Amino acid sequence: MFTTSDLSDRTKAELYQQLASQLRALVEGETDAVANMANCAALIFHSVPGLNWAGFYLLKGGELVLGPFQGQPACIRIAVGSGVCGTAAETHTTLRVPDVTKFKGHIACDSASRSEIVVPMLTSDLHLIGVLDVDSPELDRFDADDEAGLKTLAEIVARKL
Ligand code: SME
């Protein structure tokens, strides 16, 4: 049985280091992409405080399609270039949005979301695979430590896709 740890007395960098170790152990020897993304989404959602959604959108047929996630049911298809996810996908850049109401074109899947971070997942030769999307009900929830930590987690999963 896997239990997520109580990481409340650790710094954010330590939290993400521990999550990266846990994720490497979870995906070790497993080749199934859905299983690996599902465990990654669950690990983030249940270990990183202050979230209401964590999951993946994958590039399929030229658009982003909902993948494994934790949280409320979400929009299924997002055009590349639309919303936070589609913009991160199009530009291959991580987007940290401190207030989603101020992001032109933000797609509201869960009305509780106030801030969001989207990390693109790329192949080693820089082709887009999809994005990791994490939402919070708190304004300005994600800082540079979250960005660095979530990038590492997304990369661990991307290497298995
Ligand atoms: N807010 C995202 C849509 C996905 S949900 O947050 C799960 C966006 O604007 O792309």
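Residues numbered from 1 in each chain as written. Predicted model: local features only at pLDDT ≥ 70, side-chain atom pairs only at ≥ 80, totals over all residues. Heavy atoms only, no water.

Draft legend 1. A look at the sheet that holds strand S6 (residues 128-136). In space, the six strands of this open sheet follow the order S3-S2-S1-S6-S5-S4, with antiparallel pairing throughout. Among the strands making up the open sheet, the edge pair consists of strand S3 (77-79) and strand S4 (95-97). For this sheet, the mean angle separating the axes of adjacent strands, direction not counted, is 25°. Two elements, strand S1 (residues 53-60) and strand S2 (residues 63-71), share seven bridges in a ladder whose sense is antiparallel. Directly across from Gly55, in S2, lies its bridge partner Phe69. This element, helix H3 (residues 83-91), spans S1, S2, S3, S4, strand S5 (115-122) and S6 of the sheet and lies at about 35° to S5. Docked against the sheet, helix H4 (residues 144-158) engages S1, S4, S5 and S6, running at close to 35° with respect to S5. (Pairing = 2+ DSSP bridges. Helix = DSSP H or I, 4+ residues; strand = E, 2+ residues; numbered from the N terminus. Axes fitted to C-alpha atoms, helices over the stretch in contact; angles between N-to-C directions. Contact = heavy atoms within 4.5 Å.)

Draft legend 2. Here's a closer look at helix H1 (residues 12-27). Spanning 16 residues, H1 covers 22 Å between terminal C-alpha atoms, matching the ideal 22 Å at 1.5 Å per step. Every buried residue of H1 is accounted for by Leu15, Tyr16, Leu19, Ala20, Gln22, Leu23 and Val27. Where the residues of H1 are buried, they touch helix H2 (33-47) and H4. Phi for Gly29, located one or two positions after H1, is positive at around 75°. (Expected span 1.5 Å × (residues − 1). Buried < 20%, exposed > 50% of the residue type's maximum accessible area, 1.4 Å probe, protein only.)

Draft legend 3. Structural context of the site of the ligand. In the vicinity of the ligand, 13 residues are found, and the nearest of them are Val84, Cys85, Ile107, Glu116 and Asp135. At 3.0 Å from a nitrogen atom of the ligand is found a side-chain nitrogen or oxygen belonging to Glu116. Contact between the ligand and Asp135: an oxygen atom at 2.8 Å from a side-chain N or O atom of the residue. Out of a free accessible area of 310 Å², the ligand has 99% covered by protein chains. Elements represented by at least two residues in the shell around the ligand include exactly S1, H3 and S6. Ranked by residues supplied to the shell around the ligand, first place goes to H3 with three residues. For the shell around the ligand, the class distribution of residues is eight nonpolar, two polar and three charged. (Near = heavy atom within 4 Å. Polar contact = N/O pair within 3.5 Å; in protein donor to acceptor, adjacent residues only side chain to side chain. Areas by Shrake-Rupley, 256 points an atom, 1.4 Å probe, with all protein chains shown as cover. Nonpolar A, V, L, I, M, F, W, Y, C, P; charged D, E, K, R; others polar.)

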